[in-house]
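Observations on the three-dimensional arrangement
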Amino acid sequence: MKKGIATLLLAAVFGGVAVSPALAQGGAAETQNQVNRIEKLETALQGSAVFVKLTLQAPLDAVPASFSVANPARIAFDFPATANGLGHNVQTINQGELRSANIVQVGDRTRLVLNLTRMAPFETRIEGRELIIALNPVGQADLTTITEQPLANFAASSQQAEQAAKSVRDIKFRRGTDGQGRVLVELSNPDTGIDIRQQGSNLVVEFVRTSLPEHLQRRSDVTDFATPITSMVAQQQGENVRLVITPNGLWEHNAYQSDNQFVLEVKRLVEDPNRLVQGAPRGQYAGEKLSLNFQNIDVRAVLQVIADFTDFNIITSDSVRGNLTLRLKDVPWDQALDIILQSKGLDMRKNGNVIWIAPGDELAAREKMQLEALAQIGDLEPLHTESFQINYHSAKAIFDFLKSKDQTMLSPRGSVVVDERSNKVFITDVPSRLDALRRLFVEIDQAPRQVLIEARIVEASKDFARDLGVRMNFTDGRGHRIGNARAGLGQVVGGALVGTGAQSGGATPVASFSTVNLALFNNAATRFLNLELSALESDGRGRIVSSPRVLTANLVEASIEQGTEIAYRKETSSGATSVEFKKAVLSLKVRPSITPDGRLQLRVEVNKDSPVFPAGFLEPAIDTKNVKTEVLVENGGTVVIGGIYEESETNNIARVPVLGEVPVLGALFRNTKRESSRRELLVFITPRIVTDALTLR
C-alpha cells in the first residue's frame, strides 16, 4: 500500500498554491477568491446503498470533478473556491462499504475523500444547496427519498446482528515453498468486508463488523519460520477485527480469498533501482490504479497529484511547463505518469524514493557531465592495495589473466603481482575496481565438484551382449521389442549407435548388441548390470579384465592404462643401436563435465593395443583398436562401449597313419574339425557425482 490519500490530505502544494498552517488544520479561513463553503456532512444507509449528503453555503454550478483509486479503495471530489466549514478533517462513518471521510482544505479549494472497504459504483446529484453521493445505488428513487426524510431514519438497525453473524474462526501461519509468509484466516461468512492498508512499517488487515473469539486474540512471534513476517497481532477493535502484521526488510504482499478462507502472502522483494513499482514484470505496469479527469490543467499540478498517491517525491525542472487535458480511468499510476511524460516530451530519473522529471536532452546533458566528473575523479582517486587469497584456482592463472592486454577488470592505473607460494594475488587499484574484483573472486573461486568414475573392462563371449540385451528388454536388430518394456531404435552418433532416453523398463533401448558400438543405461538399470557382470564369470561366459576406479574433478581428464611396453631396436646413422619402448596397453580416458541439471557429459576414449608376431619377423607389430566419443549420461547411469572384437580360428585334423594320406580314399580315414571363437571387449563406465553421502567401498 502507498501513502495514498493520507499523504494527499497533508499535501503541501495543490495546483501550485501553497497551504497555510491554519488551512492545513481544517479551519474556516477563506481567501478572497472563496465564495462557497461546506457546512454539513451527513450519511445514511438504506439496504446495500450508502448515501452521503453535503450541504453547502451556496448551490454548486456543476457536479465537482472526481477521481478514484482501486487499491486502496477511495473516491475523491474536488471543490474549487470552497472552504471547509465543518471544523474537522476526519469523520468516521462505518456504514456499508464506507469507512470514513476526509475533508481537507488546501489553498482555495477543498477535497473530499471517501475511504471504502472495497471499490463501489457511485452516482452524484445536485439538489439545491445539497450534493448527494450514492454508493451502490439501487435506483433513482433512493436519491429523492434521502432529500425528503431525516438521515437518522436510515440507520442500519441490523448492524449488531450482522456483526454477531460474522466472525473469525481461526488464524494460521505457514511458510511458502519460496520462503514467503502466508497468513490464513478462516471466516464464518465469505461476504465479510476486508480492508488492507499499510501503516508505517506494518501491514494492517481489518475485517469489518466481525467478532474475534477470545482465544484468538493474541500476539504470535513467527521469526523462526525465516519469512519476511516477524510477528502478527490479532485483536478486537470496536466492531472490527484488526490483524497487524509486522514484516522486515523490503517486501510486497498479495491477498486473495477462496470461499471462507482469506490468504495474505508477504514475500521478500529484491529492489530494482530503475523500476518505479518493485516486483512488477519488466515492461508492464503494476502501480495502484487511479482515475484522472482534468481540463487544461498545469502539468506540474498533475505531477503533484501523482506524487500524493505514491511513496515518491517528484522534483520537476524549471523547464517543465505547459497545460494538458486528460481523462484516465482505472489506470496504474506508473502508466499514467509515463503517458504524461510522453505527451510533453519529458523523461525521468529515479534515485531512491525521489523522481526527477525534466526534458530528455536536459537529463542526458546532466548525466554526461556526471560521467565526465567521475572519470576525472578516477584519474585523481588515491590507489589502495589489497591481497586476495585464492583457494581453488591458481593464483598464477589469475595473474596472467589480469596482466593480459584484453582484460578490463583493472583500471589503467591498476597493477597486480602474484605470490605462488601462498597462492595470493596483490592488486593495487582504485576502491571501485577492488570491490568489483572482490565480487568476481567470490563467484569464481569455488571448490570444484568431484566425479567418481568406475570402469569395468569385460572380456565376454559373443553371446553375452546379446543375452544381456534380452534381459534388459532391448530391441533386436530389426527394431522388434524383446521383453515387456517399451523399446525403440537409437540414433547413430559418430558411427556409434546411441540410445535416446530412459524407458519404463529401466534402460535406454538400443539395437541388438551384435551391431552396437555404444549404449546408454539410466541410473535404475545400473544395479541390474552389476548383477549380470557378477554372474558373468561364474557362468563361464567371460571374465572381468579390470575394474579400476578414479576420482577426478569436474572438467579434468582421468586416465587409466593397463598393459605392457614392447622393446624395439633402432639403428642410428652411425651404425649403433638403441632400444625404444612402445606401449601396447588397454587405456581409458574420460573427461567429465557436470551439466546444470545434474547430468554428466563424458568425453570418452578407449584404446586397445595388442602385439602381433607375423611369421618371419623378429619384432612384433602392434594391433590397435580405438573408440572415441562423447555422450550424455545421467548421474549414476552407465555407458557401455562395445564392438572391439578378438576372433580366432583353429583347424584340427585326426587321421589314421598312412591310410589317411591316400588321395580321395584317405578322407574315409581322417577327421577334420574347425573351431572359431570370437570374444568381445566391453567397457562399462559409470560416473557418479561425489556428495557428502558418497563414499568409496
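Residues numbered from 1 in each chain as written. Predicted model: local features only at pLDDT ≥ 70, side-chain atom pairs only at ≥ 80, totals over all residues. Heavy atoms only, no water.

**Remarks on the sheet that holds strand E14 (residues 181-187)**
- Taken in spatial order, the four strands of this open sheet run E13-E14-E21-E20, and their pairing is antiparallel. The open sheet has two free edges, formed respectively by strand E13 (168-175) and strand E20 (251-258), since each of these has just one partner strand. Put simply, the sheet's adjacent strands are angled 15 degrees from each other on average, direction ignored. (Pairing = 2+ DSSP bridges. Helix = DSSP H or I, 4+ residues; strand = E, 2+ residues; numbered from the N terminus. Axes fitted to C-alpha atoms, helices over the stretch in contact; angles between N-to-C directions.)

**Here's the deal with the pattern of salt bridges**
- In this structure the tally under the stated criterion is 22 salt bridges.
- The shortest N-O distance in the salt bridge between Glu97 and Arg118 comes to 3.2 Å. Placement of the pair is Glu97 in the loop between strand E8 (90-95) and strand E9 (98-106) and Arg118 in the loop between strand E10 (109-116) and strand E11 (122-127), with a sequence separation of 21 residues.
- In this structure Arg118 comes out as partly exposed when scored by relative accessible area, which is 49%.
- Of the charged contacts in the structure, one is a salt bridge between Arg99 and Asp195, with a shortest N-O distance of 3.2 Å. Residue Arg99 is located in strand E9, and its partner Asp195 is located in strand E15 (residues 194-199); the two are separated by 96 residues in the primary sequence.
- For Arg99, a relative accessible area of 15% corresponds to the buried category.
- Overlapping salt bridges bring together Arg99, Asp195, Arg197, Glu206 and Arg242 as one network. (Salt bridge = Lys/Arg side-chain N within 4 Å of Asp/Glu carboxyl O. Buried < 20%, exposed > 50% of the residue type's maximum accessible area, 1.4 Å probe, protein only.)

**Let's talk about the nonpolar core**
- Within the largest apolar cluster, 32 residues are counted, with the highest numbers of intra-cluster contacts made by Leu326, Trp333, Leu337, Ile340 and Ile357.
- Where this core is concerned, the elements lending two or more residues are strand E22 (289-298), helix H5 (299-308), strand E24 (323-332), helix H6 (333-343) and strand E26 (354-359).
- When residues in this core are grouped by element, the largest group, seven residues, is from H5.
- In this structure, this core is formed jointly by two domains, domain 1 (36-135) and domain 3 (291-377), each of which donates at least three residues. (Core = buried A, V, L, I, M, F, W, Y, C linked by side-chain atoms within 4.5 Å. Domains from an automatic or database assignment.)

**Digging into the sheet that holds strand E38 (residues 600-612)**
- Spatially, the four strands line up as an open sheet ordered E36-E37-E38-E39, and their pairing is antiparallel. Strands with a single pairing partner mark the edges of an open sheet, and in this sheet they are strand E36 (558-571) and strand E39 (621-633). When the angles between neighbouring strand axes are averaged without regard to direction, this sheet yields 15 degrees.
- The pairing of E36 with strand E37 (residues 577-594) spans 14 bridges and is classified as antiparallel. The partner of Thr564 across the bridge, within E37, is Ala584.

**Looking at the side chain of Asn36**
- Looking at where Asn36 falls in the secondary structure, it is placed in strand E3 (residues 36-46).
- Within the local environment of Asn36, its side chain forms a polar contact with the backbone oxygen of Ala58, the two atoms lying 2.8 Å apart.
- Once you skip the residues sitting within four places of it in the chain, Asn36 turns out to touch Leu56, Gln57, Ala58, Pro59, Leu60, Ala81, Thr82 and Ala83. (Polar contact = N/O pair within 3.5 Å; in protein donor to acceptor, adjacent residues only side chain to side chain. Contact = heavy atoms within 4.5 Å.)

**Details of the packing of H5 against H6**
- Where H5 contacts H6, the two axes come as close as 11 Å, and the packing angle between them is 165 degrees. When the axes of H5 and H6 are compared, the pair comes out roughly antiparallel. Of the two elements, H5 crosses H6, and the hand of that crossing is left-handed. Where H5 abuts H6, its residues Val299, Val302, Leu303 and Ile306 lie against Trp333, Ala336, Leu337 and Ile340. (Parallel < 35°, antiparallel > 145°, perpendicular 65-115°, else oblique. Left-handed = near helix turned anticlockwise from the far one by under 90°.)

**Brief notes about the environment of Arg197**
- Tracing the chain through its elements places Arg197 in strand E15.
- By relative accessible area, which is 14% here, Arg197 ends up buried.
- Each C-alpha atom, one on Arg197 and one on Pro72, is 7.0 Å from the other, the two residues being 125 residues apart in sequence.
- A distance of 3.0 Å separates polar atoms of two side chains, one belonging to Arg197 and the other to Glu206.

**Comments concerning the packing of aromatic side chains**
- In this structure the tally under the stated criterion is five aromatic pairs.
- Arranged with centres 5.7 Å apart and planes meeting at 50 degrees, the rings of Phe312 and Trp333 form a pair that is tilted. Here Phe312 is found in the loop between H5 and strand E23 (313-316), whereas its partner Trp333 is found in helix H6, with 21 residues between them in sequence. For the pair shown, Phe312 and Trp333 are each scored as buried.
- The positively charged end of Lys582 is found above the aromatic ring belonging to Tyr568, 5.4 Å away from the centroid. (Phe/Tyr/Trp six-rings, centres within 6.5 Å; stacked < 30°, edge-to-face > 60°. Lys NZ or Arg CZ within 6 Å of the ring centre and 35° of its normal.)

**Examining helix H8 (residues 395-403)**
- For H8, the full list of buried residues reads Ala395, Ile398, Phe399 and Leu402. Around the axis of H8, the buried residues are gathered within 105 degrees of arc, so they sit on the same side.
- Against strand E28 (415-419), strand E29 (424-429) and helix H9 (431-444) lie the buried residues of H8. (Arc of directions from axis to C-beta.)

**Remarks on the pairing of E10**
- Where burial is concerned, most of E10 is hidden: seven out of the eight residues are buried.
- Both strand E6 (residues 74-80) and E10 contribute to a ladder of seven bridges, which runs antiparallel. The residue bridging Ala76 from the neighbouring strand is Val113, located in E10.
- Sheet topology note: the E9/E10 ladder contains eight bridges and is antiparallel. Looking at E10, one finds that Asn102 is bridged to Val113.
- Taking the residues between adjacent antiparallel strands as the criterion, E9 and E10 are bridged by two residues, where Gly107 takes a positive phi near 70 degrees.

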